[in-house]
Amino acid sequence: MDDRNGGDTDPNEAVATAVDQARLREDLERNGGFGAVPGEGHGRTVLAGTDANREAREYFRGRLEDAGLTVEVDSVGNVVGRWAPPGATGAPVAAGSHLDSVPEGGIFDGPLGVYAALEAVRAMRDAGVDPARPVEVVSFTEEEGARFAPGGLLGSSVATGDRSVEDALALADGDGVTLEAALEGIGFRGEGRLDAAEWDAWLELHVEQHTVLESRGVPAGVVTDVTGITHCEATVEGEANHAGSTPMDGRRDALCAAAEFVTDVERAANERTEVDPAAVGTVGSLDVSPNATNVVPGRVEMGVDVRSVERESMDHLVGAARDSLDRLAERRDVETDLTRGFDLHPTPMAERCRGALHDGADAAGLEAIDLHSGAAHDSMHVANVTDAGMLFAPSRDGISHNPREWTDWADCANATRVLAGGLTRLAE
């Protein structure tokens, strides 16, 4: 790495000093205006392929170009800005996140990681530090999955080969509009496929969406593992009947059985936390049929969410859910079923990337602690094809996917300093 500052200045320290909080804030506030929703807080609705998404993408492309990066857009709309100063060779290091949101989401979830990555590059340039490797700044398409891809992580799944370009473009929203048509409509269906396997390393900064950093007064969290996620569909089939004329001892009430199942899942997750504090289990959706006040419920379909950084815990909780349904089938004379349709394994972050982020914190004079992520992120896919690392910034009250999502500007800048130092270290 060419450190044009001269002397014995640590390039990480120089880059940390060069991070411009006002510049970063301006980008985040401008981006937060696209798809802004009225009301309390700072909300935005930026679904993939919408006009608001076009505005966010166009502004991002302009800011990349202003910083001297060359910009490319791949076939599924992933946007990449590349900085390759003279002498930079080899596989690039990359950083970024996403610009789309959930309906009425916050202004930091996703964009902080995108614009922190850009600010890291600008800080490197301002500090006179030229990396030995090219650096890429990335915005992945449809991370949230709010329009085209339930489960999200669409752009990164294509970039890592988990999903084909053709399958991604064929995905349709509730109105039958395909991703291909939506991207063409906003002018962001490019060519080729971003290949994350070509990166030497990847970093992503994200708001924590929890209160660990805030409660401990720490400005940055280096992620050790991203949680695994299992989604199961549980079904209880009883018998619908008249609520007035069906005696209590003659009922096959599917909802009563389902209610027991919900508490069984909660109990199993609570018990599992004694050996694995990261284990959680949730029954988050119920579809009751026929859903009439004067009818004994005959069928209930439930959505079950199981997460942990330990695969064993995930399997344990799914097994506990199956055992609960078996008991209920026998005791309540109902039919039950459970299918495990969506399954992501826990994903550890690379030691090399974690070390670089801790180095970045040290160079910036900031404390950073290790913690795990309870939510899914694009880095889960990227970690399957190259070394990946994640960094968290504090979230006020842990609120996210909500207009009241907030990370103080100073915290945004401090986390960006850590990211910039880590990116500088990896690019040496």
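Every value quoted in this text rests on a predicted model; they were computed, and no experiment measured them.

Chemist: Is there a simple way to explain the overall build of the protein chain in this structure?
Modeler: Helix and strand content of the protein chain: 13 helices and 19 strands. Taking 2.2 N^0.38 as the reference for a compact globule, 428 residues should give roughly 22 Å; the C-alpha atoms of the protein chain span a radius of gyration of 24 Å, in line with that estimate. Overall, the C-alpha framework of the protein chain stretches about 85 × 50 × 40 Å when taken along its three principal axes. Residues classed as buried in the protein chain amount to 56% of the 428 residues present. Partitioning the intrachain contacts of the protein chain with sequence separation of at least 6 by distance along the chain shows that 79% fall at a separation of at least 24. Accessible area for the protein chain stands at about 17,100 Å²; split by element, carbon and sulfur atoms hold 43% of it. Of the side-chain charges in the protein chain, 36 are positive and 78 negative, and the distance between the mean point of each set is 1 Å.

Chemist: Can you help me understand the sheet that holds strand β15 (residues 299–308) in this one?
Modeler: Picture the strands of a sheet paired through backbone hydrogen bonds; they go either parallel or antiparallel. Spatial ordering of the open sheet is given by β13-β15-β11-β16, a layout of four strands whose pairing is antiparallel. Only two strands of the sheet have a single partner each, and these edge strands are β13 (280–289) and β16 (335–344). The average angle at which neighbouring strand axes cross in this sheet is 15°, direction not considered. Where strand β11 (residues 228–237) meets β16, nine bridges bridge the pair, whose relative direction is antiparallel. Paired with Ala-234 across the strands is Leu-338, a residue of β16.

Chemist: Can you walk me through empty space enclosed by the protein in this structure?
Modeler: A probe as big as a water molecule, rolled over the atoms, marks out the empty space that is left. Summed over all chains, the structure comprises three cavities of 30 Å³ or more. Of all the secondary structure elements, the ones that give two or more residues to the lining of the largest cavity are α3 (51–66) and β8 (135–140). Residue classes in the lining of the largest cavity are distributed as four nonpolar, four polar and three charged.

Chemist: I tried to follow the pattern of salt bridges on my own but got confused; where do I start?
Modeler: Oppositely charged side chains may form a pair once their charged atoms are brought near each other. A complete count under the given rule lists 34 salt bridges for this structure. Residue Arg-354 pairs with Asp-370 through a salt bridge whose shortest N-O separation is 3.4 Å. One end of the pair, Arg-354, is in helix α11 (residues 351–364); the other, Asp-370, is in strand β18 (residues 368–373), with 16 residues separating them in the sequence. Of the residues examined, Arg-354 reaches a relative accessible area of 15% and is grouped as buried. On the basis of relative accessibility, which here comes to 40%, the residue Asp-370 falls in the partly exposed class. One network of salt bridges, in which partners are shared, links Arg-23, Asp-27, Arg-63, Asp-66, Glu-119, Arg-122 and Asp-126.

Chemist: Would you explain the packing of aromatic side chains in this entry?
Modeler: The description of an aromatic ring pair rests on the distance of the ring centres and on the angle between the ring planes. Using the criterion set out here, one finds nine aromatic pairs in the structure. For the pair Phe-108 and Trp-406, a centre-to-centre distance of 5.1 Å together with 85° between the ring planes defines the contact as edge-to-face. Residue Phe-108 is located in the loop between β6 (93–98) and α4 (111–126), and its partner Trp-406 is located in the loop between β19 (387–393) and α13 (409–426); the two are separated by 298 residues in the primary sequence. You can call Trp-406 buried: its relative accessible area is 15%.

Chemist: Quick question: what am I supposed to make of the side chain of Asp-173 here?
Modeler: Turning to its location among the elements, Asp-173 is positioned in the loop between α6 (165–170) and α7 (179–186). Judged by relative accessible area, which is 12%, Asp-173 ranks as buried. In this structure the side chain of Asp-173 is engaged in a polar contact, spanning 2.9 Å, whose partner is the backbone nitrogen of Val-177. Not counting residues within four places of it along the chain, the set of residues in contact with Asp-173 comprises Arg-147 and Phe-148.

Chemist: Would you mind showing me how to read the environment of Ala-269 here?
Modeler: Among the structural elements, Ala-269 can be located in helix α9 (residues 254–272). Separated by 37 residues in the primary sequence, Ala-269 and Val-306 place their C-alpha atoms 8.7 Å from one another. Setting aside residues up to four positions removed in sequence, Ala-269 forms contacts with Ala-279, Val-280, Gly-281 and Leu-317.

Chemist: Help me out: how do you make sense of the pairing of strand β9 (residues 201–207) in this one?
Modeler: Within a regular strand, side chains alternate between the sheet's two faces. Where burial is concerned, most of β9 is hidden: seven out of the seven residues are buried. Residues Ala-201, Leu-203, Leu-205 and Val-207 line one face of β9 and the alternating positions Trp-202, Glu-204 and His-206 line the opposite face, and both faces are buried. Across three bridges, the pairing between β6 and β9 is parallel. Bridge pairing in β9 links Ala-94 to Trp-202. By the bridge criterion, seven bridges tie β9 to β19 in an arrangement that is parallel. In the sheet register, Val-207 faces β19, and the bridge partner there is Ala-393.

Chemist: For this particular structure, what's the right way to read the layout of surface pockets?
Modeler: Space inside the largest pocket adds up to approximately 440 Å³. Sort the elements by how many residues they give to the lining of the largest pocket and β18 lands first, with three residues. Here the lining of the largest pocket is composed, by residue class, of seven nonpolar, seven polar and three charged.

Chemist: I keep staring at the pairing of strand β4 (residues 70–73) and nothing clicks. Help me out?
Modeler: Two elements, β4 and strand β5 (residues 79–83), share four bridges in a ladder whose sense is antiparallel. Residue Glu-72 lies in a different strand from β5, and its bridge partner there is Val-80. Hairpin remark: β4 followed by β5, antiparallel, with five residues in the connecting loop; positive phi at Gly-77, about 90°.

Chemist: Can you walk me through α9 in this structure?
Modeler: Note on helix geometry: an α-helix contains 3.6 residues per turn, so any two residues three or four positions apart are oriented the same way. Look at α9: 27 Å from first C-alpha to last across 19 residues, which is about the 27 Å you get at 1.5 Å a residue. The elements touched by buried residues of α9 are β11, β13, β15, α10 (311–332) and β16. By the N-cap criterion, in which a side-chain oxygen at the helix start approaches the backbone nitrogen of a residue two or three places on, α9 is capped by Asp-253, the distance to Leu-255 being 2.9 Å.

Calculation notes
Residues numbered from 1 in each chain as written. Predicted model: local features only at pLDDT ≥ 70, side-chain atom pairs only at ≥ 80, totals over all residues. Heavy atoms only, no water. Helix = DSSP H or I, 4+ residues; strand = E, 2+ residues; numbered from the N terminus. Rg over C-alpha atoms; globule rule 2.2 N^0.38 Å. Buried < 20%, exposed > 50% of the residue type's maximum accessible area, 1.4 Å probe, protein only. Contact = heavy atoms within 4.5 Å. Areas by Shrake-Rupley, 256 points an atom, 1.4 Å probe, with all protein chains shown as cover. Lys, Arg positive; Asp, Glu negative; His and termini not counted. Charge placed at Lys NZ, Arg CZ, Asp CG, Glu CD. Pairing = 2+ DSSP bridges. Axes fitted to C-alpha atoms, helices over the stretch in contact; angles between N-to-C directions. 1 Å grid on protein atoms, 1.4 Å probe; cavity = no way out; pocket = protein on both sides within 12 Å on 5 of 7 lines; lining within 4 Å. Points joined across faces, edges and corners; volume = space filled by probe spheres on them. Nonpolar A, V, L, I, M, F, W, Y, C, P; charged D, E, K, R; others polar. Salt bridge = Lys/Arg side-chain N within 4 Å of Asp/Glu carboxyl O. Phe/Tyr/Trp six-rings, centres within 6.5 Å; stacked < 30°, edge-to-face > 60°. Polar contact = N/O pair within 3.5 Å; in protein donor to acceptor, adjacent residues only side chain to side chain. Expected span 1.5 Å × (residues − 1).

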